[in-house]
Amino acid sequence: MCKILSLLVFLIACPAFSLSCQTPRAVNGITDLRDIKTPDRFIIRLNGEWEFYWEKMLHPYDFSEPGRHKPDYYGNVPGYWTDYPQDKIKTRKEGFATYRLRVLLPGSYRNALAFDMPVFDSSYDLYINGKYMGGNGIPGRSEIETTPEYRRNFYKFDPVSDSLEIIINVSNFDHRRGGFWLPVKLGTFNELQKRMAANWAMDWAVISMLLSFSLFLMFFYAIYPKDKITAFFSIATIGLALRPLFTSNFLIHNIVNLDWDWIVRCEYLGLFLIIIGWTWFAAHLYPSGFIRITSYSMTAVYLLAAVLTLLLPVKLFTYSTFLYYPTIIILLGYVLFMSLRGIIRRNSIDIAYFSAFILLLAGAYHDVSVSLGRSDSSAGYILTYLIVVFVFIQAALLLYRWVKVYSEKEKLRTELEYLNRNLGVMINERAHELVKRSEEIEKQNAMIAQQNKQLSETIHLKNKIFSVIAHDLRSPVVNILYMLNLLKEEEYKEKYDMFANSSIQYAQQVINLLENMLVWGRGQEDKIKYSPGKHDLADIILTNLSIFKETADKKEIILNFTQVGNSKAYVDKDLLDIIIRNMLSNAVKYTPRGGRISILLRDKSLDGETILLKICDNGIGIPPVKQKYLFTSTEIESTPGTENERGTGLGLKLCQELVKINKGSITVESREGEGTCFSIILPL
């Protein structure tokens, strides 16, 4: 198995290291595209030597007179101006400059072009052939005049001549470095638009997959807390999943308009989360005195760095990046050494780990080169994509370990059964010896029976959990990936909002499923935390109604909420939120199109110190046979909804357990074809 995983790593990794391609490079401020092979469809990176004017904010009219301005230096792009040789030009990290490039097009070329602009540190304006195209923030000649911003821009341009004059004004007074570290991409409009859309869709797909994997691993940790390696790996995976929101395409702008400094802060906080999670993952994967001390030290250092990131200005806390690079080297060097030592000791699992760590090392080296502006690759940051491969391997190895444990338990049970079969022979042969030890034998038999019972229950629980994951977790994740792939196609661009809303709903299904399973799993071990207090039930109900409003609207279901008297009760807010969400989910699922759902919250303090929560629908109802065993049966089963919605069968049983924990009671009244009412009595 491990050799197969190792081969898979390299097969998947090969395309990642062949992403760069040969493109024309600028020489002395000129990029020549007159001999380009495919003028009707091309994408190139405008890399090479750009004209560089230090501390000059020049505009197109400044170049109207040939020879009026001569470049101070031909600066390499992409790259930071602080990397230019100081014996050629005296640059500083803070300042402003103008970049200029001329692009020679094929004769009479008039096809629509597009520019994919990266972000600059920390603001810029773009002019093409004298026309202002846009930019990020406000570039100025001082810190007061400058407003930084990070936003990925895409511009369409229709050439009217055989050449392009590109002028970019860049200012930086807010970051530790100035200029731009990713290439400007020029291409035909359709090709570059497709490439950009594909990159966006890929980033969203990576976020979805990594978040799903992290929740999947956290679920395993919840049901088996002794395996802490899954928890720390999940923490690192969450950091990697959130990273694309604040880098490359800056997808955070699709969710909320975040200030520039908070985008940078979130990027660095995500790095610290990755480092801490990865450090403890390595410490539990290959434990040793060295890595344990290193883990505590790095955790303290990066927690301090996180606090400073929240308090200090960007130009100061970004120097913490220099901690990040040696940390990556130490951690990857350690796990590579330990996995290589495991291979020498003929540990087959270390073969897969060693291959995966080599892949991560190459990805980390590539990303560091990109962040320093020293990479010619067109791929941008790729470590997050390679992490998807590594997460898949980690999940496979996790399942492998669980299967191995299951096999060992099966072997133990076989040995116990063999022992039981031979006890009778031993008793017959040595009856006179066993009389004196009969009490001890009875205790042993009772212990063996209890162990067998616990073993059977554990196997049954695990089989049920894997069954739920296979049927209900995979489906929404596959649907999300399917819709993201559709968004790559031009014909589905107009349906972006519909697909995005559907993806959000499927993601909510995954979250609700995992939350129910996590709480239910804790319930099986009596580990549900109960923290009661005075809470307003109306607020909790209204919050959950807003969650299910869109689903109800799609089924044309009317939602009605009525409150009579006091709405506060002495409950655990988080547990009650789960109860109400599951009850509303069932009501929407089993109510036909055009139906109605009524929620009543009534103060019963006149009859006693209680409050009544009643949720009624006019749905399909519950058969009398099922009503009798609705809260007592130990079997978990689910009935499809009115439009074949699927469920796990955990929700209602979980509600009954959580109501009981909250010192309340739950009853049901239902008639087939007429609807169902659930009544929950809670203490005030």
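Shown above is the structure to which this text applies.
Residues numbered from 1 in each chain as written. Predicted model: local features only at pLDDT ≥ 70, side-chain atom pairs only at ≥ 80, totals over all residues. Heavy atoms only, no water.

1. Observations concerning the overall build of the protein chain
Applicable threshold: Helix numbers and strand numbers start at the N terminus; a helix is a DSSP run of H or I with at least 4 residues, a strand a run of E with at least 2. Working definition: with a 1.4 Å probe on protein chains only, accessible area under 20% of the residue-type maximum means buried, over 50% means exposed, and in between means partly exposed. Contacts: residue pairs with any heavy atoms within 4.5 Å of one another. Each accessible area value is a Shrake-Rupley result obtained with a 1.4 Å probe; residue values ignore everything except the protein chains displayed when judging cover.
Secondary structure assignment for the protein chain yields 16 helices and 20 strands. For the protein chain, the residues scored as buried account for 48% of the 684 residues in total. The long-range fraction of contacts in the protein chain, counting pairs at least 24 apart against all pairs at least 6 apart in sequence, stands at 76%. Here the protein chain displays about 34000 Å² of accessible surface, and carbon together with sulfur accounts for 57% of that area.

2. Points about the packing of aromatic side chains
Aromatic rings in a pair are described by how distant their centres are and how their planes are angled relative to each other. Condition: Ring geometry is summarised as follows: Phe, Tyr and Trp rings, the Trp one being its six-membered ring, pair when their centres sit within 6.5 Å, and such pairs are stacked at plane angles under 30 degrees, edge-to-face over 60 and tilted between the two. Whether a charge sits over a ring comes down to the Lys NZ or Arg CZ being within 6 Å of the ring centre and within 35 degrees of the ring normal.
All chains considered together, the criterion is met by 24 aromatic pairs. Here tyrosine 150 and phenylalanine 250 contribute two aromatic rings whose centre-to-centre distance is 5.3 Å and whose plane-to-plane angle is 45°, an arrangement assigned as tilted. Here phenylalanine 250 lies in the loop between α3 (228-242) and α4 (260-285) and tyrosine 150 lies in the loop between β9 (131-136) and β10 (153-157), a separation of 100 residues in the sequence. No difference in accessibility class separates tyrosine 150 from phenylalanine 250, as the two residues are buried. Grouping aromatic residues by their ring pairs yields a cluster made of Trp50, Phe52, Trp54, Tyr73, Trp81, Tyr84, Tyr99, Phe120, Tyr124 and Phe180. A cation over an aromatic ring shows up here: arginine 100 above the ring of phenylalanine 63, its NZ or CZ 4.4 Å from the ring centre. It is arginine 265 that lies over the ring of tryptophan 262; its NZ or CZ is 5.4 Å from the centre.

3. As for the packing of helix α5 (residues 289-311) against helix α7 (residues 321-344)
Test applied: Axis lines are fitted through C-alpha atoms, for helices just across the contact stretch, and the angle between N-to-C directions can take any value from 0 to 180 degrees. Angle categories: roughly parallel below 35 degrees, roughly antiparallel above 145, roughly perpendicular from 65 to 115, and oblique for all the rest. Handedness of each helix crossing follows the sense of rotation of the near helix against the far helix: counterclockwise by less than a right angle gives left-handed, clockwise gives right-handed. Residues are grouped as follows: Ala, Val, Leu, Ile, Met, Phe, Trp, Tyr, Cys and Pro are nonpolar; Asp, Glu, Lys and Arg are charged; all remaining types, including Gly, are polar.
In the contact formed by α5 and α7, the axes pass within 12 Å of each other and the chain directions differ by 160°. By the angle class used here, α5 and α7 are roughly antiparallel. Judged by the sense of rotation from one axis to the other, the crossing of α5 with α7 is left-handed. Every residue of α7 that contacts α5 at Phe290, Ile291, Met298, Val301 and Tyr302 is listed here: Leu323, Tyr324, Thr327, Ile330, Leu331 and Tyr334. For the contact of α5 with α7, the per-class residue count stands at 10 nonpolar, one polar and no charged.

4. Describing the nonpolar core
Note the threshold: In these notes, a set of buried Ala, Val, Leu, Ile, Met, Phe, Trp, Tyr and Cys residues joined through side-chain atoms within 4.5 Å is what counts as a nonpolar core.
Trp278 and Phe357 are the most contacted members of the largest nonpolar core, which totals 72 residues. Of all the secondary-structure elements, those providing two or more residues to this core are α2 (189-223), α3, α4, α5, α6 (314-317), α7, α8 (349-371) and α9 (383-429). Per element, the largest residue contribution to this core is 15 residues, and it comes from α4. Residues in contact with phenylalanine 357, not counting those within four places in the same chain, are Trp278, Leu285, Tyr286, Leu332, Val335, Leu336, Ser339 and Phe390. Counting 39 residues, the second largest nonpolar core, distinct from the first, contains Ala552, Ile557, Ile579 and Ile611.

5. Section: the state of the cysteines
What counts is decided by this rule: Two cysteine sulfurs form a disulfide in these notes if their separation is within 2.5 Å.
Applying the stated criterion to the full structure yields one disulfide. With its sulfur 2.1 Å from that of its partner, cysteine 616 forms a disulfide with cysteine 677. Around the S-S axis, the bridge from cysteine 616 to cysteine 677 shows a dihedral of about 120° and counts as right-handed. Of this pair, cysteine 616 sits in strand β18 (residues 610-617) while cysteine 677 sits in strand β20 (residues 675-683), and the two are 61 residues apart along the sequence.

6. Some thoughts on the sheet that holds strand β7 (residues 113-117)
To keep it simple, the criterion reads: A pair of strands is labelled paired if DSSP reports no fewer than 2 bridges between them.
Strand order in the open sheet made by the four strands is β2-β13-β7-β10, with antiparallel pairing throughout. On the outer flanks of this sheet lie β2 (43-45) and β10, each paired with one strand and no other. Each neighbouring strand pair of the sheet contributes to a mean axis angle of 20°, computed without reference to strand direction. Judged from the three bridges that link them, β2 and strand β13 (residues 185-188) form a sheet pairing that is antiparallel. Within the sheet, the bridge partner assigned to isoleucine 43 lies in β13 and is glycine 187. Along the sheet, α2 makes contact with β2, β7, β10 and β13, crossing β13 at roughly 125°.

7. Section: the side chain of serine 567
Keep this limit in mind: We call two N or O atoms a polar contact when they sit within 3.5 Å, provided that within protein one can donate a hydrogen and the other can accept it, with sequence-adjacent residues counted only if both atoms are side-chain atoms.
As for its placement among the helices and strands, serine 567 is situated in the loop between β15 (558-564) and β16 (568-571). Relative accessible area serves as the criterion here: at 7%, serine 567 is assigned to the buried category. Here aspartate 536 takes part through its side chain, which lies 2.6 Å from a polar atom of the side chain of serine 567. If sequence neighbours within four positions are ignored, serine 567 has contacts with His535, Asp536, Leu537, Ala538, Leu601 and Ile611.

8. Considering α7
Along an α-helix, residues three or four positions apart point the same way, because every turn accommodates 3.6 residues. What counts here: Expected span, for any helix, means 1.5 Å times one less than how many residues it has.
Compared with the 34 Å implied by 1.5 Å per residue over 24 residues, the 35 Å span of α7 between its first and last C-alpha is a close match. Arginine 346, located one to two residues past α7, shows a positive phi value of around 65°.

9. A look at the packing of α2 against α3
The contact between α2 and α3 brings their axes to 8 Å, and the two run at 160°. Taken as axis vectors, α2 and α3 run roughly antiparallel relative to one another. In the crossing of α2 with α3, the sense of the turn from one axis to the other is left-handed. The segment α2 lies against α3, with Ile207, Leu210, Leu211, Ser214, Leu217, Met218 and Tyr221 engaging Lys228, Thr230, Ala231, Phe233, Ser234, Thr237, Ile238, Leu240 and Ala241. Of the residues assigned to the contact of α2 with α3, the class counts are 11 nonpolar, four polar and one charged.

10. Notes on the environment of aspartate 536
Position of aspartate 536 among the secondary structure elements: in strand β14 (residues 533-536). Note: C-alpha distance between aspartate 536 and valine 571 (35 residues apart in sequence) is 9.4 Å. Here aspartate 536 is in contact with Ser567 and Lys568, once residues within four sequence places are set aside.

11. Details of the sheet that holds β15
Taken in spatial order, the five strands make up an open sheet running β15-β17-β18-β20-β19, and their pairing is mixed. Two strands in the sheet have a free side with no partner beyond their single neighbour: β15 and β19 (665-671). Going across the sheet, the axis of each strand differs from the next one's by a mean of 10°, ignoring polarity. By the bridge criterion, seven bridges tie strand β17 (residues 596-603) to β18 in an arrangement that is antiparallel. Its bridge partner being in β18, isoleucine 597 is matched across the sheet by aspartate 617. Strands in contact with helix α14 (residues 573-589) are β17, β18, β19 and β20; relative to β18, the strand with the most contacts, it is inclined by about 25°.

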